[in-house]
Amino acid sequence: MNSIVSPFFADLVLWLMYIMVAAAIGVTVYSFWHTLRNRQKGDDIVNGVPAGKIGWCVAIGLIVCLILTFALGSSAPVVTNGIRFTDTFWLKTTDMFIYTSSLLIIGCFVSAIVSRFRS
């Protein structure tokens, strides 16, 4: 009994994930376009905080983090459920998302702790 049996709703869940990712990308592109179109000259500073610079630094930092974690990701083959995965691009992409997510979660905790004890 070596045949691999997929879960009952696996195809449905995969298609739902594809639709959700496409929707998220669409909303992101629309939001970016809408923000650039409706931007005012004085919107960069809010209550004395350079919000525009912070936003650009965060966006650029995320892109740099994604590029670095992709470059540092492992391309060693992985065996999952008896199947050997050897596609270098997808192995590195998986590591990229895992490492970037971990770094962002750690960054959130650190920023919450720093802001809590800041006066």
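*Asks:* Provide a residue-level description of the overall build of the protein, including the pertinent values.
*Replies:* Of the regular secondary structure elements, the protein holds three helices and two strands. Relative to the compact-globule value of 14 Å for 119 residues, the protein shows a C-alpha radius of gyration of 20 Å, a clear excess of over 25%. If you line up the protein on its principal axes, its C-alpha atoms span 65 × 30 × 25 Å. Long-range contacts, defined here as pairs at least 24 residues apart, represent 37% of the contacts in the protein between residues at least 6 apart. Of the accessible surface of the protein, which amounts to about 10,500 Å², a share of 72% is contributed by carbon and sulfur atoms.

*Asks:* How would you summarise the packing of helix α2 (residues 51–72) against helix α3 (residues 88–116) if you had to cite specific residues and measurements?
*Replies:* Axes are the key here: two packed helices are described by the angle between their axes and the distance separating the axes. At a minimum axis distance of 8 Å, the contact between α2 and α3 shows a crossing angle of 135°. What the angle tells us is that α2 and α3 run oblique. Crossing of α2 over α3 shows right-handed handedness. For the pair formed by α2 and α3, the contact residues are Leu62, Cys65, Leu66, Thr69, Phe70 and Ala71 on the first element and Phe89, Lys92, Thr93, Met96, Tyr99, Thr100, Leu103 and Leu104 on the second. Each residue belonging to the contact of α2 with α3 can be placed in one class, and the counts come to ten nonpolar, three polar and one charged.

*Asks:* Residues and numbers for the environment of leucine 104, please.
*Replies:* With respect to the helices, strands and loops of the structure, leucine 104 is situated in helix α3. For leucine 104, a relative accessible area of 45% corresponds to the partly exposed category. In sequence terms leucine 104 and threonine 80 are 24 residues apart; their C-alpha atoms lie 26 Å from each other.

*Asks:* Give me the lowdown on the side chain of threonine 69, citing residues and values where you can.
*Replies:* Turning to its location among the elements, threonine 69 is positioned in helix α2. In terms of polar contacts, threonine 69 uses its side chain to reach the backbone carbonyl oxygen of cysteine 65, at 2.8 Å. Polar contacts involving the side chain of threonine 69 include one to the main-chain carbonyl oxygen of leucine 66, which spans 3.2 Å. Not counting residues up to four positions away in its chain, the partners in contact with threonine 69 are Met96, Tyr99, Thr100 and Leu103.

*Asks:* Break down unusual backbone geometry for me, citing the residues and quoting the values.
*Replies:* Phi is positive for asparagine 81, close to 55°, though the residue is something other than glycine. Tracing the sequence through the fold places asparagine 81 in the loop between β1 (78–80) and β2 (83–85).

*Asks:* Describe the environment of serine 75, and please don't skip the residues or the numbers.
*Replies:* Within the secondary structure, serine 75 sits in the loop between α2 and β1. Looking at serine 75, the relative accessible area reads 37%, which means it is partly exposed. In the structure, serine 75 is positioned 13 residues away from threonine 88 in sequence and 5.0 Å away in space, judged by C-alpha atoms.

*Asks:* Kindly report on α2, identifying the contributing residues and their values.
*Replies:* Think of an α-helix as turning once every 3.6 residues; residues three or four places apart then point the same way. Over its 22 residues, α2 extends 31 Å from the first C-alpha to the last, a length consistent with the 32 Å expected when each residue adds 1.5 Å. Taken together, the buried positions of α2 are Gly52, Cys65 and Thr69.

Reading guide: rules and limits
Residues numbered from 1 in each chain as written. Predicted model: local features only at pLDDT ≥ 70, side-chain atom pairs only at ≥ 80, totals over all residues. Heavy atoms only, no water. Helix = DSSP H or I, 4+ residues; strand = E, 2+ residues; numbered from the N terminus. Rg over C-alpha atoms; globule rule 2.2 N^0.38 Å. Contact = heavy atoms within 4.5 Å. Areas by Shrake-Rupley, 256 points an atom, 1.4 Å probe, with all protein chains shown as cover. Axes fitted to C-alpha atoms, helices over the stretch in contact; angles between N-to-C directions. Parallel < 35°, antiparallel > 145°, perpendicular 65-115°, else oblique. Left-handed = near helix turned anticlockwise from the far one by under 90°. Nonpolar A, V, L, I, M, F, W, Y, C, P; charged D, E, K, R; others polar. Buried < 20%, exposed > 50% of the residue type's maximum accessible area, 1.4 Å probe, protein only. Polar contact = N/O pair within 3.5 Å; in protein donor to acceptor, adjacent residues only side chain to side chain. Expected span 1.5 Å × (residues − 1).

This is a description of form; function is not addressed.
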